[in-house]
Amino acid sequence: MDATSTAGPLLSIVVPVFNEEDSIDLFLDAIAGPLKEAHVALGPGGRSEIVFVDDGSFDATASKIIARLRERPGLRLVRLSRNFGKDAALAAGLAHAKGDAVVPMDVDLQDPPEILPAMIAAWQRGAKVVNAVRADRSSDTALKRASARLFYKAFNRLSTYPIAADVGDYRLLDRVAVDVLNRLPERIRFMKGLFSWIGFRQETVAYKRPPRAAGTTKWKFWSLWNFALDGITGSTTLPLRLWTYLGGTIALAALLFALFIVGQTLVLGVDTPGYASLIVVTLVMGALNLVALGLLGEYVGRIAIEVRQRPLYVVEEVLEAPEQPS
Ligand code: UDP
Ligand code: MG
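Attention here is on the structure that accompanies the text.

What counts and what doesn't
Residues numbered from 1 in each chain as written. Chains lettered and ligands numbered in written order. Predicted model: local features only at pLDDT ≥ 70, side-chain atom pairs only at ≥ 80, totals over all residues. Heavy atoms only, no water. Helix = DSSP H or I, 4+ residues; strand = E, 2+ residues; numbered from the N terminus. Donors = N, O, S within 2.8 Å, 3.2 Å for Na, K, Ca; no water. Buried < 20%, exposed > 50% of the residue type's maximum accessible area, 1.4 Å probe, protein only. Contact = heavy atoms within 4.5 Å. Arc of directions from axis to C-beta. Polar contact = N/O pair within 3.5 Å; in protein donor to acceptor, adjacent residues only side chain to side chain. Core = buried A, V, L, I, M, F, W, Y, C linked by side-chain atoms within 4.5 Å. Salt bridge = Lys/Arg side-chain N within 4 Å of Asp/Glu carboxyl O. Phe/Tyr/Trp six-rings, centres within 6.5 Å; stacked < 30°, edge-to-face > 60°. Lys NZ or Arg CZ within 6 Å of the ring centre and 35° of its normal. Near = heavy atom within 4 Å. Areas by Shrake-Rupley, 256 points an atom, 1.4 Å probe, with all protein chains shown as cover. Axes fitted to C-alpha atoms, helices over the stretch in contact; angles between N-to-C directions. Parallel < 35°, antiparallel > 145°, perpendicular 65-115°, else oblique. Left-handed = near helix turned anticlockwise from the far one by under 90°. Nonpolar A, V, L, I, M, F, W, Y, C, P; charged D, E, K, R; others polar.

### Section: unusual backbone geometry
Although it is not a glycine, Asn19 adopts a positive phi angle of roughly 50°. Structurally, the position occupied by Asn19 is in the loop between β1 (10-17) and α2 (24-42). In the Ramachandran plot, Phe200 falls in the positive-phi region, its phi being about 75° despite a non-glycine side chain. In this structure, Phe200 sits in the loop between α8 (191-197) and β7 (202-208).

Given below as structure tokens:
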């Protein structure tokens, strides 16, 4: 037996950081205790690694991490060449994590490490994805709460695979789920949507979201809005298809109205010269435009789905009868 086969399950903590010099030490100190408990929860030989992804910070973030690299084995820093955004940083972290279970976590301690043992327990019960649900968002502003609620509503109405409300990126992913995520080649990565798209048995663990421990949020309202747009356009083509139905309905109504105007003109005669011909031409052209838009939308939607190149399906396991003894 070699050294690795005697070692127990490995837990990877993936932490994207962008200009977080004040948070690094706080984070590493705060997570030490919960990680010890997590090792116990993992069972004999339970280990962990922490993978920091420096998302192009231009403050002392990287040097703060480098200063602590020697402190514990399995502490790693993946540096991106510039700021690519949290979702890209997370993707880099997932690709570099070696664990049997991988947990993305924010550095600001808004994802409390204390619930790691509960997440591990759910994983050991067979869940492939354990979502940490914010039971209480009172630390967020009312505007952020309201807009988040609206977003989840809109997304789940439109998308064929609903995302769980109030689940951030804080969750535990089994190695099989991480491997599937790493295989998805799409460029615009809306992680919340992908986490849900992969499927698998999912469980939830509730927690209260504390306020940021240090530093300031990197999200501006505008970037959250764009994030929501990416999420919806990246996960559903329903907004495109809308025009097919809307265009079809309006075209039908316009046709009926045009027939009515023509009939009226034939029966009752011309009251305003030019009105009948003008309105009929306008309606028919408008209707044609909408139908054509809908038609284009159908094709654009197909292109959008094809270029994502997601696998057709994800196999969880293949079961078959054991070999019969003859
Ligand atoms: N983050 C990142 N790249 C970015 C923005 C944020 O890696 O471009 C990291 C940030 O350092 C933190 C996590 O993503 O560890 C969550 O960011 P933040 O706390 O600002 O978001 P919020 O909790 O307000 O949603
Ligand atoms: Mg935060």
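### Side note on the coordination of the magnesium ion (ligand 2)
The protein atoms that coordinate the magnesium ion (ligand 2) are Asp108 (OD) and Gln110 (OE1), at distances of 1.9 to 2.0 Å. Both residues of the pair, Asp108 and Gln110, count as buried.

### Some thoughts on the environment of Ala258
For Ala258, the position within the fold is in helix α10 (residues 238-268). Apart from the residues lying within four places of it in its own chain, the contact partners of Ala258 are Val280 and Leu283.

### Side note on helix α7 (residues 175-183)
Burial in α7 covers these residues: Ala177, Val178, Val180 and Leu181. The arc that holds every buried residue of α7, seen down its axis, measures 160°, which confines them to one face. Those residues of α7 that are buried lie in contact with α4 (86-96), β4 (101-104), β5 (129-136), β6 (167-174) and α8. One side-chain oxygen at the N-terminal end of α7 lies 3.0 Å from the backbone nitrogen of Val176; it belongs to Asp174.

### What to know about the environment of Leu283
Among the structural elements, Leu283 can be located in helix α11 (residues 275-308). Leu283 gets classed as partly exposed once you look at its relative accessible area, which sits at 24%. Each C-alpha atom, one on Leu283 and one on Asp166, is 46 Å from the other, the two residues being 117 residues apart in sequence.

### Some thoughts on the nonpolar core
Leu11, Ile13, Phe27, Ile50 and Phe52 are the most contacted members of the largest nonpolar core, which has 33 residues in total. With seven residues, the top contributor of residues to this core is α2. In contact with Ile50, not counting residues within four places along its chain, are Ile13, Val15, Phe27, Leu28, Ile31, Leu35, Arg72, Gly74, Leu75 and Arg76. By size, the runner-up hydrophobic cluster in this structure holds 23 residues, among which are Val51, Ala177, Val178 and Ile198.

### What to know about the side chain of Thr61
Tracing the chain through its elements places Thr61 in helix α3 (residues 61-67). Among the residues examined, Thr61 registers a relative accessible area of 0% and is labelled buried. Those residues in contact with Thr61 that sit more than four places away from it in its chain are Val17, Asn19, Glu20, Glu21 and Ile24.

### A word on the pattern of salt bridges
In total, this model carries 13 salt bridges according to the counting rule given. Ionic pairing is found between Arg79 and Asp54, a salt bridge with its closest N-O pair at 3.6 Å. You can see Arg79 sitting in strand β3 (residues 75-79) and its partner Asp54 sitting in strand β2 (residues 47-54), a full 25 residues away along the chain. Glu203 is the salt-bridge partner of Arg201, the closest N and O atoms lying 3.1 Å from each other. What makes Arg201 partly exposed here is its relative accessible area of 42%. Among the charged side chains, a network of salt bridges with common partners joins Asp25, Asp29, Lys64, Arg68 and Glu71.

### Some remarks on the packing of aromatic side chains
On inspection of all chains with the given rule, the structure shows six aromatic pairs. Aromatic pair Phe151 and Tyr152: ring centres 5.7 Å apart, planes at 55°, arrangement tilted. Relative accessible area serves as the criterion here: at 8%, Tyr152 is assigned to the buried category. Lying over the aromatic face of Phe84, Arg82 brings its terminal NZ or CZ to 3.9 Å of the ring centre.

### So, the site of ligand 1
In the vicinity of ligand 1 lie 18 residues, with Pro16, Glu20, Asp55, Asp108 and Thr217 positioned nearest. Residue Pro16 places a main-chain N or O atom 2.8 Å away from an oxygen atom belonging to ligand 1. One of the side-chain N or O atoms of Gln110 is found 2.8 Å from an oxygen atom in ligand 1. When the free accessible area of ligand 1 is taken as 530 Å², the share hidden by the protein chains comes to 92%.

### What to know about the packing of α10 against α11
Helix packing for two helices is described by the angle between their axes and how far apart those axes are. Look at α10 against α11: their axes get within 8 Å of each other, and the N-to-C directions meet at 165°. As summarised for this structure, α10 and α11 are arranged roughly antiparallel, according to the angle between their axes. Taken as a pair, α10 and α11 cross one another with a handedness that is left-handed. A class-by-class count of the residues in the contact of α10 with α11 yields 18 nonpolar, seven polar and three charged.

Taken by themselves, the reported measurements are silent on function.
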